[in-house]
Amino acid sequence: KNKVNIPTMEWSLCYVLSRFLWGVGSSAYQTEGAWDKDGKGPSIWDAFTHEKGKLFINETADSSCEGYYKVKDDIQLLKELKVNHYLISISWPRIMPTGIKKEQVNEKGIKFYNDTINSLLENKIIPIVTLYHWDLPQVLQEKYGGWQNISMISYFNDYANLCFEKFGDRVKYWITFNNPWAVAEEGYETGEHAPGLKLSGIGAYKAAHHIIKTHAKVWHSYNKTWRSKQQGMVGISLTSAWGEPVDLTSQKDIEAAERYVQFYLGWFANPIYSGDYPEVMKNYVGKKSAQQGLGTSRLPTFSVQEKSYIKGTSDFLGLSHFTTRYIIQKNYSALKGPSYHTDRDLVELVDPKWPNPGSKWLYSVPWGFRRLLNFIKIQYGNPLIYVTENGVSEKLQCIQLCDEWRIEYLKGYINEMLKAINDGINVKGYTVWSLLDKFEWNKGYSERFGLYHVDFKKGNKPRYPKASVHYYKMIISANGFPNPREVKSWHQKAIETCSITNQLLAADPLTTHMEMVTEIVVPTVFTLCILISAILLMFLLRKHN
């Protein structure tokens, strides 16, 4: 199934993109800051980052980009880009401090998101709103164990319905969960993300099971109560890399690559589009569980009623995609203990020639994007797709505004998406990840995905455009790639623009230095002079006496 015969095509034409949405994205926890202001409750990420030793040099998102105070400034950046939409998330603990509706609703939090949504619409920017981008209220984690507990279904449904009630008259695109794979696997399997639990081989499957049921519950709530009034859509955003067999003549490698994608994307997509977990997941986890002496599979099961209830609960598929892996078959002994990773019986490899400018996991492999989109078309009946995250990071060793590697990444991946659209895949929107440099979870501020550089050392967190801002703006204006010659001129103009900004930024440290001299050094020297004068005067008076 992974071997898809795809014709070669160098450029895609803009005319294929009728009524297409171009945008950028962000998330509440990564950008807002104001972690304890105006009635906001703590999230699991607040608790996780405040525990020393959990994060890269103990960085937190307590202030981050100060997005809570800079909504109007950031909307000006969106207008500069000329985007059609902005993907944002709502912080559950900002509008429900404990996560429980009957205990408290924070009106200041409601007002903040109302004002944000209204400002976007006033500027003709469509808000696409995610209900959950990883910031679970800490109270729900402490009281109930978070996504390990089935009670989350009810609490999240209350929260979602409050959002539909308060914002749904204006928001027409809702995403229930962003990247539930990371919530489950990194939050409850490896413990690399909040809440930091290492429940190997069990916790991730249990969390995912509850998240899938919660998503279905929210979709049905919207369908029953709100759809007829508000005429919106509810989907889910799933993240997946592409898995390519190392040896296309090896049946074992082909099956391993298929298994990689099923354990990644199919884990969540299959129940939503087909009613149950992928057969290969059920078989492999069931087999390993039996070998470990367990009476039942570590992968939970859906009842007949639940399968029917979950199937079809997505008006669109949000797809986040960043990279690709080569896959080979490898058998892992079940006696080593339960683990999501060894359940798959495979090894992930990369080609050392693939560009890797930033995050160690993120290699630029544009052709994998088209293959993944074709896989989704075949596997799930060509659903309506909005690309909700696609982008590349850099490791920050110095300020890098002339981000040519990001331009190359965007050109390659967008071009492959356009080819997929010509293949007949139903993609109707694309979102660059992300608008701003921001807090990157367990990596802190060491990795930067933004089109705009943020200076986190300054209190007002100023934003500076990178070269990719100009380049992406031209793609939006042309609604794709018109021809190679014109695209080459975009690249040249983008680099010229960033060079000018770089010169201004290079002068900025001197300005900052002079401000420091004026505001700190001069008063300090003046005070010292007074003290020395006073001491000398006392010495002279004593000598005189």
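Residues numbered from 1 in each chain as written. Predicted model: local features only at pLDDT ≥ 70, side-chain atom pairs only at ≥ 80, totals over all residues. Heavy atoms only, no water.

K.L.:
Would you mind going over the overall build of the protein chain with me for this structure?
P.N.:
When its secondary structure is counted, the protein chain shows 17 helices and 15 strands. When its C-alpha atoms are laid out on the principal axes, the protein chain stretches across 100 × 60 × 55 Å. When each of the 545 residues of the protein chain is scored for burial, the buried share is 58%. Contacts in the protein chain between residues at least 24 apart in sequence constitute 77% of all its contacts with a sequence separation of at least 6. (Helix = DSSP H or I, 4+ residues; strand = E, 2+ residues; numbered from the N terminus. Buried < 20%, exposed > 50% of the residue type's maximum accessible area, 1.4 Å probe, protein only. Contact = heavy atoms within 4.5 Å.)

K.L.:
Even after reading the chapter, I still don't get the sheet that holds strand β6 (residues 242–245), so can you show me in this structure?
P.N.:
Each strand in a sheet pairs with its neighbour through backbone hydrogen bonds, running either in the same direction (parallel) or in the opposite one (antiparallel). With mixed pairing, three strands are arranged side by side in an open sheet as β6-β8-β9. Each edge of the open sheet carries a strand with a single partner, namely β6 and β9 (346–349). Taking the axes of each pair of neighbouring strands and ignoring which way they run, one obtains an average angle of 40° across the sheet. Here β6 runs beside strand β8 (residues 324–329); their pairing, made up of four bridges, is parallel. Bridging across to β8, Trp 242 finds its partner in Thr 324. Relative to β8, helix α10 (residues 251–274) is tilted by about 130°, and along the sheet it contacts β6, β8 and β9. Packed on one face of the sheet, helix α14 (residues 367–380) meets β6 and β8 and runs near 100° to β6. (Pairing = 2+ DSSP bridges. Axes fitted to C-alpha atoms, helices over the stretch in contact; angles between N-to-C directions.)

K.L.:
Just to check I follow, could you spell out the nonpolar core for this structure?
P.N.:
Nonpolar side chains tend toward joint burial in soluble globular proteins. By size, the foremost hydrophobic cluster in this structure holds 156 residues, and its most contacted members are Trp 147, Trp 174, Trp 267, Met 417 and Tyr 472. Broken down by element, the residue count for this core peaks at 12 residues, all from α10. Non-local contacts of Met 417, meaning those with residues more than four positions away in its chain, are made with Phe 20, Trp 22, Phe 369, Leu 373, Val 387, Val 427 and Tyr 430. (Core = buried A, V, L, I, M, F, W, Y, C linked by side-chain atoms within 4.5 Å.)

K.L.:
Explain the side chain of Arg 344 to me, please; I cannot follow it from the model alone.
P.N.:
Tracing the sequence through the fold places Arg 344 in the loop between α13 (340–343) and β9. Judged by its relative accessible area of 5%, Arg 344 falls in the buried class. Side chain to side chain, Arg 344 and His 341 meet in a polar contact 3.4 Å long. In contact with Arg 344, other than residues within four places in its own chain, are Arg 259, Tyr 260, Phe 263 and Tyr 284. (Polar contact = N/O pair within 3.5 Å; in protein donor to acceptor, adjacent residues only side chain to side chain.)

K.L.:
What am I meant to see in the packing of helix α7 (residues 152–167) against helix α9 (residues 203–230) here?
P.N.:
Pairs of packed helices are described in terms of their axes, by the angle between the two and the distance that separates them. One way to put it is that α7 packs onto α9 with a least axis distance of 9 Å and a crossing angle of 30°. Taken together, α7 and α9 sit at an angle that is classed as roughly parallel. For the crossing formed where α7 meets α9, the hand is right-handed. Counted together, Met 152, Ile 153, Phe 156, Asn 157, Ala 160, Asn 161, Phe 164 and Glu 165 of α7 and His 210, Lys 213, Thr 214, Lys 217, Val 218, Ser 221, Tyr 222, Trp 226 and Gln 230 of α9 form the full contact between these two elements. Residue composition of the contact of α7 with α9, grouped by class: eight nonpolar, six polar and three charged. (Parallel < 35°, antiparallel > 145°, perpendicular 65-115°, else oblique. Left-handed = near helix turned anticlockwise from the far one by under 90°. Nonpolar A, V, L, I, M, F, W, Y, C, P; charged D, E, K, R; others polar.)

K.L.:
Can you help me understand the packing of aromatic side chains in this one?
P.N.:
Aromatic ring pairs: the centre-centre distance and the angle between the two ring planes describe each pair. Across all of its chains, the model carries 52 aromatic pairs by this definition. Seen in terms of ring centroids, Tyr 113 and Phe 167 are 6.5 Å apart; in terms of plane orientation they differ by 75°. Their pairing is edge-to-face. One end of the pair, Tyr 113, is in helix α5 (residues 107–122); the other, Phe 167, is in helix α7, with 54 residues separating them in the sequence. The exposure classification of Tyr 113 matches that of Phe 167, with both residues buried. An aromatic cluster of at least three residues, connected via ring pairs, comprises Tyr 29, Trp 45, Phe 48, Trp 134, Phe 439, Trp 441, Tyr 445 and Phe 456. (Phe/Tyr/Trp six-rings, centres within 6.5 Å; stacked < 30°, edge-to-face > 60°.)

K.L.:
Any chance you could explain the state of the cysteines here in plain terms?
P.N.:
Considering all chains together, one arrives at one disulfide under this definition. Between the sulfur atoms of Cys 402 and its disulfide mate Cys 498 the distance is 1.9 Å. On the S-S bond that ties Cys 402 to Cys 498, the torsion sits near 105°, and the link is right-handed. Here Cys 402 is found in the loop between β11 (394–395) and α15 (404–422), whereas its partner Cys 498 is found in helix α17 (residues 484–544), with 96 residues between them in sequence. What makes Cys 402 partly exposed here is its relative accessible area of 23%. The exposure class assigned to Cys 498 is buried, which follows from its relative accessible area of 2%. (Disulfide = S-S within 2.5 Å.)

K.L.:
How should the confidence of the model for the protein chain be read in this particular structure?
P.N.:
Residues shown with low pLDDT carry predicted positions that ought not to be read at fine detail. Confidence along the protein chain averages 92 in pLDDT terms, with 91% of residues attaining 70 or more. Across residues 510–522 the pLDDT falls below 50, and counting only partners more than four positions away or on other chains, this stretch makes six contacts in the model. (pLDDT = per-residue confidence, 0-100.)

K.L.:
Would you explain the pattern of salt bridges in this entry?
P.N.:
Any two side chains of opposite charge can pair, on the condition that their charged atoms come close. Throughout the structure, instances matching the rule amount to 28 salt bridges. Here Arg 406 and Glu 394 are joined by a salt bridge, their closest N and O atoms 2.4 Å apart. Taken together, the residues span a long stretch of sequence, with Arg 406 in helix α15 and Glu 394 in strand β11 at a distance of 12 residues. Of the two residues examined, Arg 406 and Glu 394, each falls in the buried class. What you see here is one network of salt bridges that share partners, running through Glu 394, Asp 403, Arg 406, Asp 437, Arg 448 and Lys 466. (Salt bridge = Lys/Arg side-chain N within 4 Å of Asp/Glu carboxyl O.)

K.L.:
Looking at this model, I keep getting lost on the UniProt feature "active site" (unreviewed entry) in the protein chain. Mind explaining?
P.N.:
In the UniProt entry, the feature "active site" (unreviewed entry) is given for Glu 389. Following the sequence through the fold, Glu 389 ends up in strand β10 (residues 385–390). Residue classification places Glu 389 among the buried positions, given a relative accessible area of 7%. Beyond its immediate stretch of four places on either side in the chain, Glu 389 contacts His 133, Asn 178, Leu 319, Ser 320, His 321, Phe 322, Thr 431 and Trp 433. A polar contact is formed between the side chain of Glu 389 and the side chain of Asn 178, at a distance of 3.0 Å. (UniProt positions renumbered as here; feature names shortened; annotations may be inferred.)

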